[in-house]
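Survey of secondary and tertiary structure
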Amino acid sequence: MDEKELLGQLATLREPAVLATIVSARGSTPRKTGARMLVGRDGVIAGTVGGGCGEGEVIAAAEALLAGAPPRTVRVDLTDDFTTWSPAVCGGIMDVFVERANPERFDGP
Amino acid sequence: MNPSAARVAARVLEALGRGERIYTAVVTGARDPALIGRRWWLSGRRHGGSLGSPALDEAVAAAVPALFPPRESRGALSRDFRYPDGGRTVTATVYIELHGPPARMVIVGAGHIAIPLSRMAAMLGMRVEVLDDRPDFAAADRFPEAAAVRVIDFRDPFAAMDLGPSDHVVLVTRGHSFDYECLVRLLRMSAPPGYIGMIGSRRRVRATHEQLAREGFTTDEMRRVRAPVGLDLGGQTPAEIAVSVVAEIILFHGGGTGAPLVEKERVVERFFGDPGGRNAAED
């Protein structure tokens, strides 16, 4: 999805959501620094931070934020043993910052 | 009040709508948990929000121009900043993004290569402008993906275009005298386009360079021109040549090697090489 499109969705949110952004990436990760995903109460609204490789962990963290947890950096380790069929064998490590993305009209601290 | 991520996104879209660069920043790591998620943005002289400390805002504002090269219109990175807080020096991790107007691709010469080149550059998200002195060729209906199609005079092909380091210019004109006219102007600009490419056989490129040399241009200046433009893919058709040009532009920004990944990674040779077999030769 086009990045500008995601920004547009973010700027015109109608209900609380969580913005997840890859803020640093080392090694082989499916998406690089700057990739982002918007998660709402019913799941992913737009974007991706890597699909099977680590996205589940980020979605779980996003759900915790929607339930009231503070913003934080989630470290996603994709360096699982490559002889397994784990989806996390891409080979890299990425930090994903998850933060509340309130709709404009709910702008607050 | 800390601007929400939604509000910052709206500021980014406004800046892009004005054709301006904007930097956005958010604190992702700090000893004081109240700082995490603090946001700030800067676009020209406009700015808003705060990273929680005027000293940190200033440190980030001072650092951003050097963090992102002028030829790039998009960037994202994290940095640790040390700044004074009360009597001590503290550290915060800040994630910073640059959003700028889309990179521009100026195609000079609206012939058969220009058509797939315009389409592919638009697919890469570039703003495409096509120039030619022949109105029948520089016709908007031939270039539906282009943002602008202009009939120009080769005596001053880039009049009023305000080209700069973030721009790409590819010369695919019908004759090397036209390429030459363009190159002279591009190379004399105080801040020439970051990417200048010119199509041509070795002989045609040499002819243009001979003329540049006669005009007093140095070999360093000649080397600023990617000529012949494109990667050596062995393509022949206009579409194949356009692929080789856009591939070189991706390489220019992405910093890869341009080699096939299978040769770069050599997974079979590295991990499955048979010492007695033909795979062992290189190791």
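Here the structure is a predicted model, which is why all the values come from computation and not from measurement.

Moving on, we get to the sheet that holds strand β8 (residues 148-151) of chain B. Residues and elements named next belong to chain B. Read across the sheet, six strands follow the order β8-β7-β6-β9-β10-β11 without closing on themselves; strand pairing throughout is parallel. Among the strands making up the open sheet, the edge pair consists of β8 and β11 (225-226). The pairing of strand β10 (residues 195-198) with β11 spans two bridges and is parallel. Bridge pairing in β11 places G197 opposite R226. In the packing of helix α3 (residues 114-123) onto the sheet, the strands contacted are β6 (104-108), β7 (127-132) and β9 (167-171), and the crossing angle to β7 comes to about 160°.

The next subject is the sheet that holds strand β5 (residues 88-99) of chain B. Residues and elements named next belong to chain B. Strand order in the open sheet made by the five strands is β3-β2-β1-β5-β4, with antiparallel pairing throughout. The open sheet has two free edges, formed respectively by β3 (46-49) and β4 (74-85), since each of these has just one partner strand. The sheet shows a mean angle of 20° between the axes of neighbouring strands, direction not considered. Note that strand β1 (residues 22-30) and β5 share eight bridges and pair antiparallel. Across the sheet, the residue bridging to V26 is Y95, located in β5. On top of the sheet, helix α2 (residues 54-67) reaches β1, β2 (39-43), β4 and β5; it is set at about 145° to β4, its chief contact.

With that out of the way, let us pick up α3(B). For an α-helix the count is 3.6 residues per turn, leaving residues at separations of three or four pointing the same way. Residue and element names in this part refer to chain B. For α3, every residue scored as buried is listed here: A114, I115, L117, S118, M120 and A121. Its buried side turned inward, α3 meets β6, β7, β9 and α7 (238-254). In the stretch just after α3, G125 is the one whose phi turns positive, near 90°.

Attention now goes to the nonpolar core. Generally speaking, a soluble globular protein has its nonpolar side chains buried in company with each other. Among the nonpolar cores identified, the biggest contains 56 residues, and L10(A), A20(A) and V96(A) are the most heavily contacted of them. For A20(A), the residues in contact, after removing those within four places along its chain, are R36(A), M37(A), V39(A), V49(A), V58(A), A62(A), V96(A) and V98(A). V106(B), I115(B), A146(B) and V229(B) belong to the second-largest nonpolar core, a separate cluster that totals 41 residues.

Bringing the interface of chain A and chain B into the picture now. Where interface size is given, it is often the accessible area lost as the parts come together that is meant. Every contact between the two is made by 22 residues of chain A and, on the other side, 22 residues of chain B. Contributing elements (two or more residues each) for the side of chain A that touches chain B: α1 (3-11), β1 (17-26) and β5 (93-101) of chain A. Of the residues in the side of chain A that touches chain B, the class split is twelve nonpolar, seven polar and three charged.

As a further point, take the packing of α3(B) against α7(B). Residue and element names in this part refer to chain B. Between α3 and α7, whose axes approach to 8 Å, the crossing angle comes to 40°. Taken together, the axis directions place α3 and α7 in an arrangement best described as oblique. Remark: the crossing between α3 and α7 carries right-handed chirality. Contact with α3, carried on its side by I115, P116, L117, M120 and A121, involves P238, A239, A242, V243, V245 and V246 of α7 and no other residues of that element. Of the residues assigned to the contact of α3 with α7, the class counts are eleven nonpolar, no polar and no charged.

Glancing now at the domain arrangement of chain B. The assigned domain composition of chain B is domain 1 (5-99) and domain 2 (104-254). The distance between the C-alpha centroids of domain 1 of chain B and domain 2 of chain B comes to 36 Å.

Rules behind the numbers
Residues numbered from 1 in each chain as written. Chains lettered and ligands numbered in written order. Predicted model: local features only at pLDDT ≥ 70, side-chain atom pairs only at ≥ 80, totals over all residues. Pairing = 2+ DSSP bridges. Helix = DSSP H or I, 4+ residues; strand = E, 2+ residues; numbered from the N terminus. Contact = placed C-beta atoms within 7 Å. Axes fitted to C-alpha atoms, helices over the stretch in contact; angles between N-to-C directions. Buried ≥ 20, exposed ≤ 12 C-beta atoms within 10 Å, placed from the backbone. Core = buried A, V, L, I, M, F, W, Y, C linked by C-beta atoms within 7 Å. Nonpolar A, V, L, I, M, F, W, Y, C, P; charged D, E, K, R; others polar. Parallel < 35°, antiparallel > 145°, perpendicular 65-115°, else oblique. Left-handed = near helix turned anticlockwise from the far one by under 90°. Domains from an automatic or database assignment.

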